[in-house]
Amino acid sequence: MTIAKRPLRLAMAAASFAACGAWAQDDADLQKKLANPIADIVTLPFQWTTNYNAGPFEKPQYTLNIQPVYPIKIGGGWSLINRAIVPLLSNPAVLPGQDRKNGLGDITYEGFFAPLAGEGGWIWGFGPAMVLRTATDDRLGAGKWSLGPAVVGLKESGPWTVGALTTQVWSVAGDDNQPNVSAFTFQPIVSYRLDSTQSLGYIGIVTADWEQKRSSQRWTVPLGVSYSLLVRPEGFVPMNFVVGAGYNVIRPDNASDWFVRFQVNFVLPK
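Counting of residues starts from 1 at the beginning of each chain's written sequence and follows it residue by residue. The predicted origin of the model limits local features to residues at a pLDDT of at least 70 and limits the giving and counting of side-chain atom pairs to 80 or more, whereas totals for whole chains, interfaces and linings rest on all residues. Values shown for side chains rest on all heavy atoms present in the structure; no hydrogens or waters enter the calculation.

(A) Looking closely at the pattern of salt bridges. In the sections that follow, a salt bridge refers to a side-chain nitrogen of Lys or Arg positioned within 4 Å of a carboxyl oxygen of Asp or Glu. Per the stated rule, a full pass over the model turns up four salt bridges. Two residues, Arg-232 and Asp-27, come together in a salt bridge whose shortest N-O distance is 2.4 Å. With Arg-232 in the loop between β13 (219-231) and β14 (239-250) and Asp-27 in helix α1 (residues 5-34), this pair connects stretches of sequence that are 205 residues apart. Think of it this way: any DSSP run of H or I at least four residues long counts as a helix, any run of E at least two long counts as a strand, and we number them from the N terminus.

(B) Structural detail: unusual backbone geometry. With a phi close to 50 degrees, Glu-58 is a non-glycine residue in the positive phi region. Tracing the backbone through its elements, the reader meets Glu-58 in the loop between β1 (42-54) and β2 (59-66).

(C) Here's a closer look at the pairing of strand β12 (residues 206-209). Residues of β12 alternate between two faces, with Val-206 and Ala-208 buried on one and Thr-207 and Asp-209 left unburied on the opposite face. For two strands to be treated as a pair, DSSP must find no fewer than two bridges joining them. As defined by bridge partners, strand β10 (residues 182-193) adjoins β12 across four bridges and the pair is classed as antiparallel. From the neighbouring strand, Ala-183 faces β12, where its bridge partner is Asp-209. Examined bridge by bridge, β12 and β13 share two bridges and lie antiparallel to one another. If you follow Ala-208 over to β13, its bridge partner there is Trp-219. Burial here depends on accessible area, computed with a 1.4 Å probe over protein chains only, as a share of the maximum for the residue type. Under 20% is buried, over 50% is exposed, and the range in between is partly exposed.

(D) Highlighting the side chain of Gln-168. Structurally, Gln-168 is set in strand β9 (residues 160-174). There is a polar contact of 3.5 Å between the side chain of Gln-168 and the backbone oxygen of Ala-183. A contact between two residues is defined here by any heavy atoms of the two lying within 4.5 Å. When near neighbours in sequence (up to four residues on either side) are disregarded, Gln-168 contacts Leu-147, Gly-148, Pro-149, Ser-182, Ala-183, Phe-184 and Trp-210. Distance and chemistry together define a polar contact, namely a pair of N or O atoms within 3.5 Å, with one atom able to donate a hydrogen and the other to accept it when in protein, and with adjacent residues in sequence counting only for side-chain atoms on both sides.

(E) Molecular detail of a nonpolar patch on the surface. Patches in this entry comprise residues that are over 30% relatively accessible and not in a salt bridge; like charges within 9 Å are linked, as are nonpolar side chains (Val, Leu, Ile, Met, Phe, Trp, Tyr) within 5 Å. We get accessible surface area from the Shrake-Rupley algorithm with a probe of 1.4 Å; when it comes to residues, only the shown protein chains can shield them. On the surface, Trp-48, Trp-160, Val-162, Val-190, Tyr-192, Leu-194, Leu-200, Tyr-227, Val-243 and Phe-262 cluster together into a nonpolar patch covering about 840 Å² of accessible area. Those elements that provide at least two residues to the nonpolar patch are β9 and β10. Along the polypeptide, Trp-48 turns up in strand β1.

(F) Main features of the nonpolar core. Put simply, buried Ala, Val, Leu, Ile, Met, Phe, Trp, Tyr and Cys residues joined by side-chain atoms within 4.5 Å make one nonpolar core. Counting residues in each nonpolar core, the largest one holds 15 residues, and the members touching the most others are Ile-38, Ile-81, Phe-112, Val-152, Leu-154 and Val-169. Broken down by secondary-structure element, the contributors of at least two residues to this core are β6 (108-115), β7 (122-131), β8 (144-157) and β9. If you look at the next biggest cluster of nonpolar residues, it comprises five residues, including Leu-30, Ala-39, Ile-41 and Leu-230.

(G) Geometry of the packing of aromatic side chains. A pair of aromatic rings is counted whenever rings of Phe, Tyr or Trp (Trp by its six-membered ring) have centres within 6.5 Å, and the orientation is called stacked for planes under 30 degrees apart, edge-to-face for over 60 and tilted otherwise. For the coordinates displayed, the defined rule picks out 13 aromatic pairs. Here Trp-48 and Tyr-62 contribute two aromatic rings whose centre-to-centre distance is 5.7 Å and whose plane-to-plane angle is 25 degrees, an arrangement assigned as stacked. Of the two residues, Trp-48 is situated in strand β1 and Tyr-62 in strand β2; the sequence distance between them amounts to 14 residues. The exposure class of Trp-48 is partly exposed, given its relative accessible area of 39%. Residue classification places Tyr-62 among the partly exposed residues on the basis of a relative accessible area of 26%. Among the aromatic residues, those joined into a cluster by ring pairs are Trp-78, Phe-113, Trp-124 and Phe-126.

(H) Fine view of the environment of Val-264. Mapped onto the secondary structure, Val-264 falls in strand β15 (residues 258-268). Put simply, Val-264 and Leu-229 are 35 residues apart on the chain and 9.7 Å apart in space, counted from C-alpha to C-alpha. In this structure Val-264 touches Leu-44, Pro-45, Phe-46, Met-239, Asn-240 and Phe-241, once residues within four positions along its chain are discounted.

(I) Main features of the environment of Ser-196. Relative to the assigned elements, Ser-196 resides in the loop between β10 and β11 (198-202). Residue classification places Ser-196 among the partly exposed positions, given a relative accessible area of 23%. Residues Ser-196 and Lys-32, spaced 164 residues apart in sequence, show a C-alpha to C-alpha distance of 9.2 Å.

Take a look at the structure:
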């Protein structure tokens, strides 16, 4: 190698090293945003859950949730983060002679008004939660239109993201022959980043059905852990894979005990 070429090679190596460092930093920032349900990114997650020993005959129940998130800047330092949950369900029989029922469940919409957060500050948002009467069968939905508030708050500190997303909805219309709805959800947000592409977290949503008169039938409290991996396929959008499992330590009669989950999250351009 000539002396004239050495500076060029060194410059190219330095540029490559810097690019790798910038790429890793981008991965770390993106992974942090993926742990934030009201981050300013467009995502399209597909979440598959198998709930074991569900129903009186202890059969598996399957759910595929399609959960798009689309933020819109509305001015004044505020954004509206639009989140939807579109459930495709496969529910086991609950009476002798019944077949498994497959179809669309009730779609949920959550809209969070969120201010821009400063570095190291709290991230929070609030808005409406609406459950739409979209189920294709009575066994796949509540048969009601429901409405209520939704609130989210979280804190980012080093490799940790910690917070919660909470909703409470009440039925406002629908089938008079179906029970009224008063449903509470509390989704803990706990994520620990192992490096720029990998993290561990909590999975599960605490729920309460206030219409249940017996307290033993009211609460579902899961305890679960997940592993997340961020990848960037060449020529494609970033993808985040999540696998996890959990156990419902408190649950109503005939509710599932164990569950496993697999999710792939596509990060789309705005």
